[in-house]
Structure formats: C-alpha cells, structure tokens
Amino acid sequence: MNRMNRDLTVVMYHYVRDLASSSYPKIKGLDLHLFKEQIRFFKNNYTFISINELIEAYESNSDLPNNAILLTFDDGYKDHYCDVFPVLHDNKIQGCFYPPAATISDKKVLDVNKIHFLLAAVKNKQIIISTIFNQLDEHRKEYRLKDNDYYFSKLGVANRFDSQEVIFIKRILQVGLVQDLREKIVDFLFKKYVTFDEKSFSEELYMSSENIKTMIDSGMHFGSHGHNHYWLSSLSKEEQESEISKSLNFLSDMGENVGRWTMCYPYGNYNKDTLDLLDKYDCKAAFTTRVKNANLDQDNKFEIPRLDTNDFLKKS
C-alpha cells in the first residue's frame, strides 16, 4: 500500500513591490518581477492548494497532491492588493493574507513597520543606535534601565538575514523594553527620520477594507494576524484572547468565513496560552515562522512551518 503524501511547502511573503519606483527602494522586500518569476517557477514545479484543502487534509487525514504548495502574505500591505492580487487572480491561485486588524480599522502604523521604514530611511545604522542610546539615557532613571552596553550585547545577535546592528535595533524596539517605553522611542524615531503624518502613511502602506472585501469576493483567504501585531507570548492569556477576538470580529466584518478561520502568529511568536485559545475558538490552522517544509503527520495544525520567499530566489 502506498504511503499517503502529507508534505507541504508553505511560502511566507511580506513586502512585494516594484522597488525601483517605490518611495523606499531600500525596504527589505521582494521585487515584483522576482515574485512573478517565482510564480512561474512554482507553476512548473509544484501544485497549488487552497486553505480549504489544507484544512480538509488535517480534519480527514487525507492526501495532498504531490509537491503541494500554499502561499501566505503577512501584514496586510497595499502591495498585496495592487501587485500580488492581480498576479494570483490571473493565475487562478489562492493566496492566504494576514493583516493585523488595527492597521485597517484604526489607521495605525505598526511599530514593526515604523522600524522597517526607519531602517530603510537611514543608511548609517549607527545614527539610529546613537539616537536609541540617547533615548535610553533620557528614560533610564524612570524605567530603571540597565546600561546601553548591556542591551547591545544581549540583543545584538546577527542572524541569517540581518547584521548585529540591525538585529539590535529591531529587538530593542520590538521586545527588549517594556511596551510603553518601546512605543515612545519608536514614535520618536519615526517622526524624526520618516514622517509626522502617520495617518496618511498608514493609508498608503496598508490595504483598505474595500481592498480586502474585493479580494475575499475573488476567492482569496484572509486570516488573523492579531489586532495590534503584538508578541503574543508577552501578553496575559486574557490579553491574547482580546487580540484574537477583535481580529475575528474584523474578519467577520470584512466578509470572511470565520467558521473556518486560520491564524498567522505575529513575529512567529506564541505560547501554550495561544494554542489553548486557538483550540477554544476552533481555529482550523496556524502558521509559524519556523523554517522548514511542513509534514502534516509531524507538524500539528497550530504549528505549521513556512519557508521564506528568499529561500527560493536562487531556484527560481
């Protein structure tokens, strides 16, 4: 008897745009022509599946097509409507999109995106680090902060995509300080180096509710990426539940079928409380940022790994 095929490649995308014509050509995104090349490569070497096919495979322990692939798009960028959606629609491919609800409902620029555009706007990263250190000096007594060298040595650990300096900037502003201080410093840096007009910037950066409704009507899938894109493990269980509940209300308002909802963890971050809440709210599948191909027999439905689009650049 032949063994069932339970292997799946899930690809993760963020920014996808014509970088040369972008206001921020240094943003770390995938150029549109490379995205189109990847789609051609995937069509020739993989079989695209829908989110419902993935859910069905988990629920009924059924087979997947050979070389099954699913495409996911995080953070709800306008790129996904203007550049990605037409390509997927023309090729009859379903994409799975995960916008944080606050970006659309509250016209809020997420701190993670403020950091991205800060890094894109300032070439010399030491300038940003010096400004952060000045901010830490200003708030040190109030927040009982350790010295600057402590934070740099603890948080400045390079990874496969970013230098020590860039990782330090990201980590100190994403998770290395208490939330209200992080928000104060990120807001200061964004206004100093990027723009004072957050509302206009948000409207240009993220999809609108009309964009989302159009995409859902055309067969695209939208799932939860939380409400505020917080590191979920840094929240209490009650705060996590609020993040999930608000995001589900948003998806329902957009016209998505929340009876078959899925989750994509902000920053790939979650804990046991998150998993318990997903079970409570009958989530059908959830995606991590763990880097590997998925196997539905080995990876439970709330911890599905993904590959980054950059992992395919040399192949395509």
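As a reminder, the structure under discussion sits directly above these lines.
None of these values were measured; they are calculated from a predicted model. (Residues numbered from 1 in each chain as written. Predicted model: local features only at pLDDT ≥ 70, side-chain atom pairs only at ≥ 80, totals over all residues. Heavy atoms only, no water.)

Visitor: Quick rundown of the overall build of the protein? Include the residues and the values.
Guide: When helices and strands are tallied, the protein shows 13 helices and eleven strands. Overall, the C-alpha framework of the protein stretches about 65 × 45 × 35 Å when taken along its three principal axes. Burial analysis of the protein (316 residues in total) assigns 54% to the buried set. Once local pairs closer than 6 in sequence are excluded, the contacts in the protein between residues at least 24 apart make up 67%. Counting only carbon and sulfur atoms, one obtains 46% of the accessible surface of the protein, whose full area is about 14,500 Å². (Helix = DSSP H or I, 4+ residues; strand = E, 2+ residues; numbered from the N terminus. Buried < 20%, exposed > 50% of the residue type's maximum accessible area, 1.4 Å probe, protein only. Contact = heavy atoms within 4.5 Å. Areas by Shrake-Rupley, 256 points an atom, 1.4 Å probe, with all protein chains shown as cover.)

Visitor: Could you give me a rundown of helix 2 (residues 51-60), with the residues and numbers involved?
Guide: All buried positions along helix 2 are accounted for by Ile51, Leu54, Ile55, Ala57 and Tyr58. Projected down its long axis, helix 2 carries its buried residues within an arc of 160 degrees, all on one side. In the segment just after helix 2, Asn61 is the residue with positive phi, at about 55 degrees. (Arc of directions from axis to C-beta.)

Visitor: Tell me about the nonpolar core, and please be specific about residues and values.
Guide: Counting residues in hydrophobic clusters, the biggest one holds 44 residues, and the most contacted among them are Tyr13, Phe35, Phe42, Leu71, Leu88, Phe222 and Leu278. With sequence-adjacent residues up to four places away left out, Tyr13 is seen in contact with Leu30, Phe35, Gln38, Phe42, Leu71, Thr72, Phe73, Asp74 and Thr309. Formed by 24 residues, the second largest nonpolar core is a distinct cluster that contains Ile115, Ile129, Leu155 and Ile185. (Core = buried A, V, L, I, M, F, W, Y, C linked by side-chain atoms within 4.5 Å.)

Visitor: Tell me about the pattern of salt bridges, and name the residues and values.
Guide: The final tally for this structure, using the stated rule, is 16 salt bridges. A salt bridge links Asp79 to Arg17; the shortest N-O distance between them is 3.0 Å. Separated by 62 residues along the polypeptide, Asp79 in helix 3 (residues 78-90) and Arg17 in strand 2 (residues 16-17) bring together distant segments of the chain. A residue is classified by how much of its surface remains accessible, and Asp79, at 7% relative accessible area, is buried. We note a salt bridge from Lys292 to Asp299, for which the minimum N-O separation is 3.2 Å. Given the relative accessible area of 5%, Asp299 is considered buried. The network of salt bridges with shared partners includes Lys114, Asp187, Lys191 and Glu198. (Salt bridge = Lys/Arg side-chain N within 4 Å of Asp/Glu carboxyl O.)

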